[in-house]
There are 2 protein chains.
Amino acid sequence: MARRAAKTSPSPSDLDARKATILEAVVAEHIDTAQPVGSSSVAHSADVDVSPATVRSEMVALEREGYLAQPHTSAGRVPTDKGYRYFVDHLKSGVLSSAQQYQVRDFFTNVRGEVEDVLEKTSTLLSELTSYTSVVVSAGHSHASILSVQLVSLDARHQLLVTVFSDGSVVKHSVNTTFDANFVDVSEASRQLNALLIGTTLEHRVQVPSRSDGVATLIRESVSVLHAEQPTTDGEQVFIGGSSKVAEVFAGVETVRKVLSILEQELLVVTLVQDILNQGLSVAIGSEHGYEPLSACAVIVAPVTIDGAPAGAVGLLGPTRMKYREALAAAGMVSQHLARHFGGEDDLA
Amino acid sequence: MARRAAKTSPSPSDLDARKATILEAVVAEHIDTAQPVGSSSVAHSADVDVSPATVRSEMVALEREGYLAQPHTSAGRVPTDKGYRYFVDHLKSGVLSSAQQYQVRDFFTNVRGEVEDVLEKTSTLLSELTSYTSVVVSAGHSHASILSVQLVSLDARHQLLVTVFSDGSVVKHSVNTTFDANFVDVSEASRQLNALLIGTTLEHRVQVPSRSDGVATLIRESVSVLHAEQPTTDGEQVFIGGSSKVAEVFAGVETVRKVLSILEQELLVVTLVQDILNQGLSVAIGSEHGYEPLSACAVIVAPVTIDGAPAGAVGLLGPTRMKYREALAAAGMVSQHLARHFGGEDDLA
DNA sequence: TGTTAGCAGTCAATTCTACCGAGTGCCAAC
DNA sequence: GTTGGCACTCGGTAGAATTGACTGCTAACA
């Protein structure tokens, strides 16, 4: 009875043990060889202990249920996105080879430089570890408070507003005036801006003087230019490593072009990563992320959390037939090291 | 007699008029069609007024002299790098279509934002104008003087040194100490650093206090970390636009990969551009720039000069059979607009 | 009833052959 | 010196034949 029920309306995400084994064997082999895989190679694979004929009939079922597809009648089977999804969901987590583990540890003990440099190099590391294109996103400073603002005069009508945030980021904005600002006014404005803004975040609105003298105008301009940043981007930074891997890893020229043109648009990449994280996923396969040009891709994302707060994410972009276990392990390990590196005690020297 | 001499030892860079015309016709057509070009299409082209047979015999000569090559016996001719070089050297300068001119002007009248944003967008513009990958390099600040330095405390042992240069660039450096620095020391160090460094360039060496108290240590650390920047990079920034064009424009996957992996290394790109400029070239064809992985490429460079001083460069990277006239015109026009934009009166608002 | 061996059928990929045509080099005539 | 003509070369293409890796189906089997 239970069996019957299971057969007529099979829970879509729960295959019986044999189907699961076969599906996993198909996916694993296809990831390995990039070829459609036939019944006999599955039958001969380690975990499967039935004849090719049996495998075939199971494959028909798996195809009917949408896990596999056949490029053409007399070819083997290829996993669908749904097939990959099942595979990934039932993946036991792996670890990196000890050589790779060493490489990561070595990297993080030796790396020096400013945050941006470290993230840039990290993205290169991650890409080299996996031979996929990597993405490192640092969180914006919408929640960081302002440690210091300073107005520096370039010339009478052009000032530079330099803002330092508690997360260590530094942002500059041009502040231009239609009148000549004298040195005294600029430093007075700078002083008042400090008093006004230190300790606030970009989300705080502050009371600006409404007077029309030079100092007040400078202050108003500065605050408005600083707060104007908000809508477009949040100060996230994106570092892309190994974009040349795109050409190695994807087949058609057209796919390569599409993927590259997505990677060119940093804002899009940030949004993509954020979207995936918001969906609570760590892997988005094929069209799961909703970016049509990336429908041939799988994207792996691992959040970087420092002291419980989201501080960014690392990601990997490869073909749907990517080596999920290794890639997940690499992304996970790097994100942890990154968190530790920028987290507590570490001396960034 | 003179004729005889010209025949036995022809000046390699000076072809007789007919050869020149034929060579130019071959190059022009090959750029257009990407196919080997045969004698008859050359003979029928506008500027040539001889029979295919005559063209053939001239082509034999041009091949012997290294301007043309034959992929195989029964194919037409293809220009060699030397052929392209001749073509480029004898190119009369062109102008952009008026629609493109409008696009450039429109861009520069409407563009807003920080210098970096403008350069980033400019590289996209240039790439869209030409459908080649573009490069925008801004000069380093080795000759810019320091307008302001400020030490901001992140926590007791981590300070941030924020330096503003006269060219409007802002640089941050971490300054870490092995002792807890108190707030007063940090602001005192900041004050003294200002007195010490304002008006100097990174090439100036300054006298630092040798005392061992906190303030002096902070100052020493700050100065050393600031001056340490020099050797690796000079603060140049690179903006690459349209890297996806690489996939459109080059044939083999392997070429695409090679080119992309060069573009990944920003330092390399800066050096490449600088090298070409130093050679006094505006176009480097094939192996002229000495970067083997780019031997299938031509690189166009146009310096950006502001008030007589080099302020950077714009470049284009395409296949050796790129549309030189249009690309040169675009690079030239953009570099001029860039110079004007950041030059005198313009309000960057 | 589920599993298996065997068999006929399908279809992409490969190989082969023949052929076409673009383009050359050479030569003899102008 | 230029040209038309001719024989030749050789890459590219199109079609036919072959191969072989699969499948689905069926009948026998445990």
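Every value quoted in this text rests on a predicted model; they were computed, and no experiment measured them.

Another point: the pairing of strand 10 (residues 309-319) of chain A. Residue and element names in this part refer to chain A. Most of strand 10 is tucked away: eight of the eleven residues are buried. Examined bridge by bridge, strand 3 (residues 133-138) and strand 10 share six bridges and lie antiparallel to one another. The partner of Ser138 across the bridge, within strand 10, is Gly312. One ladder, built from ten bridges, connects strand 9 (residues 297-306) with strand 10; its direction is antiparallel.

The next subject is the pattern of salt bridges. Summed over the entire model, instances satisfying the criterion amount to 24 salt bridges over all chains. A salt bridge links Arg211 of chain A to Asp213 of chain A, with the nearest nitrogen and oxygen atoms 3.0 Å apart. By relative accessible area, Arg211 of chain A is classed as partly exposed at 42%. Close ionic contact of Arg257 of chain B with Glu248 of chain A constitutes a salt bridge, the shortest N to O distance being 3.9 Å. Note that Arg257 of chain B is positioned in helix 11 (residues 253-264) and Glu248 of chain A in helix 10 (residues 245-249), a pairing that runs across two chains. Note on Arg257 of chain B: relative accessible area 22%, which makes it partly exposed. Of the residues examined, Glu248 of chain A reaches a relative accessible area of 43% and is grouped as partly exposed.

Interfaces are often sized by the amount of accessible area the parts lose when they come together. Residues and elements named next belong to chain A. Its domain assignment divides chain A into domain 1 (2-89), domain 2 (98-139 + 236-342) and domain 3 (146-228). Each of domain 1 and domain 2 has a C-alpha centre, and these two points are 29 Å apart. Each partner contributes residues to the interface: domain 1 has nine residues there, and domain 2 has twelve residues. Linking domain 1 with domain 2 are one salt bridge. Two residues, Arg85 and Glu288, come together in a salt bridge whose shortest N-O distance is 2.6 Å.

Once that is clear, we can look at the interface of chain B and chain A. Across the contact, 36 residues belong to chain B and 36 residues belong to chain A. For the pairing of chain B and chain A, the buried interface totals around 3,000 Å² over both sides, and the portion due to carbon and sulfur atoms is 57%. Three residues stand out in chain B for area buried against chain A, namely Glu114, Lys172 and Glu264 of chain B, and they jointly supply 19% of the buried area on that side. At the boundary of chain B and chain A, one finds four salt bridges. At the boundary of chain B and chain A, one finds 14 residue pairs in polar contact (both at pLDDT 80 or more). Residue assignment for the side of chain B that touches chain A shows that the elements contributing at least two residues are strand 4 (146-155), strand 5 (158-165), strand 6 (170-176), helix 10 (245-249) and helix 11 of chain B. When the residues that make up the side of chain B that touches chain A are grouped by side-chain class, the tally is 14 nonpolar, 14 polar and eight charged.

The next point concerns the packing of helix 2 (residues 17-33) of chain A against helix 5 (residues 81-89) of chain A. Residues and elements named next belong to chain A. Packing of helix 2 against helix 5 brings their axes to within 10 Å, and their N-to-C directions diverge by 105 degrees. On the basis of their axis angle, the class for helix 2 and helix 5 is roughly perpendicular. Along the contact surface, helix 2 presents Ala20, Leu23, Glu24, Val27, Ala28, His30 and Ile31, while helix 5 presents Gly83, Tyr84, Tyr86 and Phe87. Looking at the contact of helix 2 with helix 5 residue by residue, the class counts come to eight nonpolar, two polar and one charged.

Turning our eyes to something else, we now look at the packing of aromatic side chains. In the structure shown here, the tally under the stated rule is six aromatic pairs over all chains. Relative to Phe108 of chain B, the ring of Phe107 of chain B lies with its centre 4.9 Å away and its plane at 90 degrees, an arrangement referred to as edge-to-face. Each member of the pair Phe107 of chain B and Phe108 of chain B is classed as buried. A cation over a ring is seen here: Lys82 of chain A above Tyr67 of chain A, with NZ or CZ 4.6 Å from the ring centre.

Once that is clear, we can look at the protein's contact with DNA strand C. Around DNA strand C lies a shell of 20 residues, among which Arg18, Thr54 and Ser74 of chain A together with Ser39 and Arg77 of chain B are the nearest. Here the atoms of DNA strand C within 4 Å of the protein split so that 73% fall in sugar or phosphate, with bases taking the remainder. Take Ser39 of chain B: an N or O atom from its side chain is 2.7 Å from a phosphate oxygen of DNA strand C. For the surface near DNA strand C, the elements supplying multiple residues, two or more each, are helix 4 (52-64) of chain A together with helix 4 (52-64) of chain B. Classifying every residue of the surface near DNA strand C by side-chain character gives five nonpolar, eleven polar and four charged.

Let us look at the sheet that holds strand 6 of chain B. Backbone hydrogen bonds hold the strands of a sheet together, and the pairing may be parallel or antiparallel. Residue and element names in this part refer to chain B. With respect to topology, three strands assemble into an open sheet ordered 4-5-6, the strand pairing being antiparallel. In this open sheet, the two strands that pair with only one neighbour each are strand 4 and strand 6. For this sheet, the mean inter-axis angle between neighbouring strands, taken without regard to orientation, is 20 degrees. Judged from the seven bridges that link them, strand 5 and strand 6 form a sheet pairing that is antiparallel. For Gln159, the partnering residue across the bridge sits in strand 6 and is Val175. The sheet contacts of helix 9 (residues 214-227) involve strand 4, strand 5 and strand 6, and relative to strand 6 the element is tilted by about 135 degrees.

In the region of DNA strand D, 20 residues are neighbours, and Ser39 and Arg77 of chain A together with Arg18, Thr54 and Ser74 of chain B sit closest. Of all atoms in DNA strand D that approach within 4 Å of the protein, 71% are sugar or phosphate atoms. Contact between DNA strand D and Arg18 of chain B: a phosphate oxygen at 2.7 Å from a side-chain N or O atom of the residue. Those elements that place two or more of their residues in the surface near DNA strand D are helix 4 of chain A together with helix 4 of chain B. Counted by class, the surface near DNA strand D contains five nonpolar, eleven polar and four charged residues.

Before going further, it helps to spend a moment on the relation of the copies chain B and chain A. Once turned by 180 degrees and shifted 0.0 Å along the axis, chain B lies on chain A with an RMSD of 0.1 Å. Such a combination of turn and shift is consistent with a two-fold rotation axis. Among all C-alpha atoms of chain B, that of Val253 of chain B lies closest to the rotation axis, at 3.8 Å. Most of the interface of chain B is mirrored in chain A, where 100% of its interface residues are also at the interface.

All names here are of chain B. With 13 residues, helix 12 (residues 266-278) extends 18 Å between its outermost C-alpha atoms, agreeing within 8% with the 18 Å of an ideal straight helix rising 1.5 Å per residue. Within the span of helix 12, buried status applies to Val269, Val270, Leu272, Val273 and Ile276. Down the axis, helix 12 shows its buried residues gathered within 160 degrees of arc, on one side only. Looking at helix 12, the residues exposed on the side facing more than 90 degrees away from the buried face are Leu267 and Asn278. Packed against the buried residues of helix 12 are strand 3 (133-138), strand 7 (237-241), helix 11, strand 8 (283-285), strand 9 (297-306) and strand 10 (309-319). Directly after helix 12, the chain includes Gly280, whose backbone phi takes a positive value near 75 degrees.

Residue and element names in this part refer to chain A. Considering the arrangement of structural elements, one finds Ser138 in strand 3. What makes Ser138 buried here is its relative accessible area of 12%. What Ser138 contacts, discounting residues up to four positions off in sequence, is Leu119, Glu236, Gln237, Ala311 and Gly312.

What counts and how
- Residues numbered from 1 in each chain as written.
- Chains lettered and ligands numbered in written order.
- Predicted model: local features only at pLDDT ≥ 70, side-chain atom pairs only at ≥ 80, totals over all residues.
- Heavy atoms only, no water.
- Buried < 20%, exposed > 50% of the residue type's maximum accessible area, 1.4 Å probe, protein only.
- Helix = DSSP H or I, 4+ residues; strand = E, 2+ residues; numbered from the N terminus.
- Pairing = 2+ DSSP bridges.
- Salt bridge = Lys/Arg side-chain N within 4 Å of Asp/Glu carboxyl O.
- Domains from an automatic or database assignment.
- Contact = heavy atoms within 4.5 Å.
- Buried area = accessible area lost by both parts, 1.4 Å probe.
- Polar contact = N/O pair within 3.5 Å; in protein donor to acceptor, adjacent residues only side chain to side chain.
- Nonpolar A, V, L, I, M, F, W, Y, C, P; charged D, E, K, R; others polar.
- Axes fitted to C-alpha atoms, helices over the stretch in contact; angles between N-to-C directions.
- Parallel < 35°, antiparallel > 145°, perpendicular 65-115°, else oblique.
- Phe/Tyr/Trp six-rings, centres within 6.5 Å; stacked < 30°, edge-to-face > 60°.
- Lys NZ or Arg CZ within 6 Å of the ring centre and 35° of its normal.
- Near = heavy atom within 4 Å.
- Least-squares fit on C-alpha atoms with pLDDT ≥ 70 in both.
- Expected span 1.5 Å × (residues − 1).
- Arc of directions from axis to C-beta.

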